[in-house]
Amino acid sequence: MQPLIDKILTRIKSWTTRYLSYAGRLQLVKSVLYSIQVYRSQVFVLPRKVIQMIEATCRNFLWTGGNDLSKKALIAWDRLCLPKAAGGLNILDIYTWNWAAIGKLLWNICRKKDFLWVKWIHAYYIKTRDVWETKATQASWVVQKILKAKNMFEKIGLQETDVAVMTKYSIKDIYGAYRGEFQKIWSKLLTWQGIKREVWNWKHEIQWAIENTTGKIAKQEIYRMTLACGVYHVWQERNGRIFKKAADQQTK
């Protein structure tokens, strides 16, 4: 993976003489630096250390305009990777994108695609077992990582049977589901209710609801109904995309 890091550093050094604003450097990070590694992330499981090096390189270029490690970041990188609706800059989360891309390899295995490597994994590791139940402790590191992509699917509510019936796999859609496209909708609903705060993850949202909306005040009841309706429609949309192979026009 060192050639990947070297290529990114070389590209940055060619820009250091340019006097770019934060907005200009942000656009370069989004459009160029990440495009260099997107292909590799669809083919290889990127080690965590490599991802950290790529993120550090992009972060340093964004804040300093070069590869200087001396300046402290003004905002945490994880925060910048959040959707704009959640207060971030919608920078690609390499770690999540990589897992969404590797999920496509697992999807190929679940669908029993007519590929030599898929047949080989079924013949030597899966055999007659379910893909989700296969441990393959004797397999290579890469094969084990591909099988562990099931954890990502489970976090967005998909089991092996759901993945197996998917006729088309979109890395972007899976990435969006994992990152939480629900945040965009929920942000607007919070604003509509007059609640001025950023969108949190599911755990914090539920904790906030328990602490602030368990009474009988009209605003609290409206929040609970809005939350229930939001979850229901997202669940309904999810089922439609999986089983009916179509998205509701209202969500596009």
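The structure this text deals with has already been given above.
Computed from a prediction, not measured in an experiment: that's the story for all the values here. (Residues numbered from 1 in each chain as written. Predicted model: local features only at pLDDT ≥ 70, side-chain atom pairs only at ≥ 80, totals over all residues. Heavy atoms only, no water.)

Draft legend 1. Here's a closer look at the overall build of the chain. Counting its regular elements, the chain contains 13 helices and zero strands. Scanning the chain from its N terminus toward the C terminus, one meets helices and strands in the order α-α-α-α-α-α-α-α-α-α-α-α-α. Taken over 252 residues, the chain has a buried fraction of 42%. When contacts within the chain are restricted to residue pairs at least 6 apart in sequence, long-range pairs at least 24 apart make up 59% of them. For the chain, the accessible area works out to roughly 15,400 Å², and carbon and sulfur atoms hold 56% of it. (Helix = DSSP H or I, 4+ residues; strand = E, 2+ residues; numbered from the N terminus. Buried < 20%, exposed > 50% of the residue type's maximum accessible area, 1.4 Å probe, protein only. Contact = heavy atoms within 4.5 Å. Areas by Shrake-Rupley, 256 points an atom, 1.4 Å probe, with all protein chains shown as cover.)

Draft legend 2. Representation of a nonpolar patch on the surface within the structure. On the surface, Tyr22, Leu74 and Ile75 cluster together into a nonpolar patch covering about 290 Å² of accessible area. Checked against the element boundaries, tyrosine 22 lands in helix H2 (residues 22-43). (Patch = residues over 30% accessible without salt bridge, like charges linked within 9 Å, V, L, I, M, F, W, Y side chains within 5 Å. Salt bridge = Lys/Arg side-chain N within 4 Å of Asp/Glu carboxyl O.)

Draft legend 3. Seen up close, the environment of arginine 48. With respect to the helices and strands, the residue arginine 48 is situated in helix H3 (residues 48-64). Residue arginine 48 is classed as partly exposed on the basis of its relative accessible area, which comes to 47%. Residues arginine 48 and tyrosine 95, 47 residues apart in the sequence, show an inter-C-alpha distance of 7.7 Å.

Draft legend 4. Structural context of the pattern of salt bridges. Per the stated rule, a full pass over the model turns up one salt bridge. In this structure, the salt-bridge partner of lysine 119 is aspartate 114, at a minimum N-O distance of 2.7 Å. Take aspartate 114: its relative accessible area is 61%, and that puts it in the exposed class.

Draft legend 5. Main features of the packing of aromatic side chains. The full count for this structure, using the stated rule, is nine aromatic pairs. Centroid distance tryptophan 97 to tyrosine 175: 5.5 Å. Interplanar angle 65°. Geometry classified as edge-to-face. Within this pair, whereas tryptophan 97 is found in helix H5 (residues 94-111), its partner tyrosine 175 is found in helix H10 (residues 171-179), the two being separated by 78 residues in sequence. Across this residue pair, the class does not change: tryptophan 97 and tyrosine 175 are buried. Ring geometry for tryptophan 120 versus tyrosine 125: centroids 5.3 Å apart, planes at 85°, classification edge-to-face. When its relative accessible area of 16% is taken as the criterion, tyrosine 125 is described as buried. (Phe/Tyr/Trp six-rings, centres within 6.5 Å; stacked < 30°, edge-to-face > 60°.)

Draft legend 6. Representation of the environment of arginine 11 in the model. For arginine 11, the location among the structural elements is in helix H1 (residues 2-13). Under the relative-accessibility criterion, arginine 11 is labelled partly exposed at 30%. Spatially, the C-alpha atoms of arginine 11 and valine 32 are 8.9 Å apart, while their sequence positions differ by 21 residues.

Draft legend 7. Inspection of the packing of H5 against H10 at higher detail. Where H5 meets H10, the axes come as close as 9 Å, and the angle between the chain directions of the two elements is 130°. In terms of orientation, H5 lies oblique with respect to H10. Considering how the two elements wind past one another, H5 and H10 form a crossing that is right-handed. Counted together, Thr96, Trp97, Ala100 and Ala101 of H5 and Ile171, Lys172, Ile174, Tyr175, Tyr178 and Arg179 of H10 form the full contact between these two elements. (Axes fitted to C-alpha atoms, helices over the stretch in contact; angles between N-to-C directions. Parallel < 35°, antiparallel > 145°, perpendicular 65-115°, else oblique. Left-handed = near helix turned anticlockwise from the far one by under 90°.)

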